[in-house]
Amino acid sequence: PILGTVNLAALGSDAASRVVTLDGVDVTAKVSANTLTVTGEGSHTVVVTDTDLAGNATSTPLTFTLDTVAPTATTVVLKTDSGSSTSDSVTNVGTVNLGAQAADVVSRKVVLDGVDVTAKVSANALAVTGDGSHTVVVTDTDLAGNARSTSYGFTLDTTAPAATTVALKTDSGSSASDKTTNVGTVNLAALGSDAASRVVTLDGVDVTAKVSANTLAVTGEGSHTVVVTDADTAGNVTNTQIGRAHV
């Protein structure tokens, strides 16, 4: 039990006296309203000896284990905390890893956003779907009924940032849409509110540091390709490019 209270039946009409021992020690004086409070973890034995007027005695033993200590807290973590930070609990991978049940645990309950999903746990992992904030609570219970709950909150984001725009500042010449120009300036839309970082490459070379005021100056005659990669906090990426721009 987790509560060290032992109930004793009332003294029978044929009994004149009662002695109660706990682990071999007389604790009769500690019995109140036919209950005895036991403290101390571990195995205990209570013996109740009732005696009648003639001296006949009957002893009734009870052996039990007192356990008031909750199980060790388990671990609940994202399998992959993706994106710009590995510790911000924002991810695009909806798998939550649970620590294995401790040796003293006999049952486990797993709740996701208030709903029991214990049956959906497989190999100590829980697959979570649906973008947004989620909370997983794992409750481990031991044989005595002591319970320990571990809670973990995280944000699942599997949606890539909105595509940006990449365009020539001036598509000069006879056509305003043939991507042939004599002005080597490429305009990039500002970083969207759902994006956390941007990488810009020109012909396969990272030129992010050369972007100024959302424009990139391109030199060198011939065909060029600019690729803009926007990534959000969870690590989702969107690539936008302008290709075959002849300068």
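**Q** Looking at this structure, I do not really get the overall build of the chain. What am I missing?
**A** From N to C terminus, the chain includes zero helices and 21 strands. Taking 2.2 N^0.38 as the reference for a compact globule, 247 residues should give roughly 18 Å; the C-alpha atoms of the chain span a radius of gyration of 36 Å, well beyond that estimate. Structurally, the chain occupies a C-alpha span of about 125 × 25 × 25 Å along its principal axes. Summed over its atoms, the accessible surface of the chain is roughly 13500 Å², and 54% of this surface lies on carbon and sulfur atoms. The centroid of the 12 positive side-chain charges in the chain is displaced by 9 Å from the centroid of its 24 negative side-chain charges.

**Q** Looking at this structure, how should I read unusual backbone geometry?
**A** Peptide bonds are mostly trans, and most non-glycine residues show a negative phi. At alanine 33, a position not held by glycine, the phi torsion is positive, near 50°. Within the element layout of this structure, alanine 33 appears in the loop between strand E3 (25–26) and strand E4 (35–37). Even without being a glycine, serine 89 presents a positive backbone phi close to 60°. Relative to the assigned elements, serine 89 resides in the loop between strand E7 (76–78) and strand E8 (90–91).

**Q** Honestly, the pairing of strand E16 (residues 185–188) in this entry has me stumped. Any pointers?
**A** In summary, the side chains of a regular strand alternate between the two faces of the sheet. Summarising the sheet, strand E15 (residues 166–168) and E16 pair through three bridges and their orientation is antiparallel. Counterpart to alanine 167 in the pairing with E16 is asparagine 187.

Conventions used here
- Residues numbered from 1 in each chain as written.
- Predicted model: local features only at pLDDT ≥ 70, side-chain atom pairs only at ≥ 80, totals over all residues.
- Heavy atoms only, no water.
- Helix = DSSP H or I, 4+ residues; strand = E, 2+ residues; numbered from the N terminus.
- Rg over C-alpha atoms; globule rule 2.2 N^0.38 Å.
- Areas by Shrake-Rupley, 256 points an atom, 1.4 Å probe, with all protein chains shown as cover.
- Lys, Arg positive; Asp, Glu negative; His and termini not counted.
- Charge placed at Lys NZ, Arg CZ, Asp CG, Glu CD.
- Pairing = 2+ DSSP bridges.

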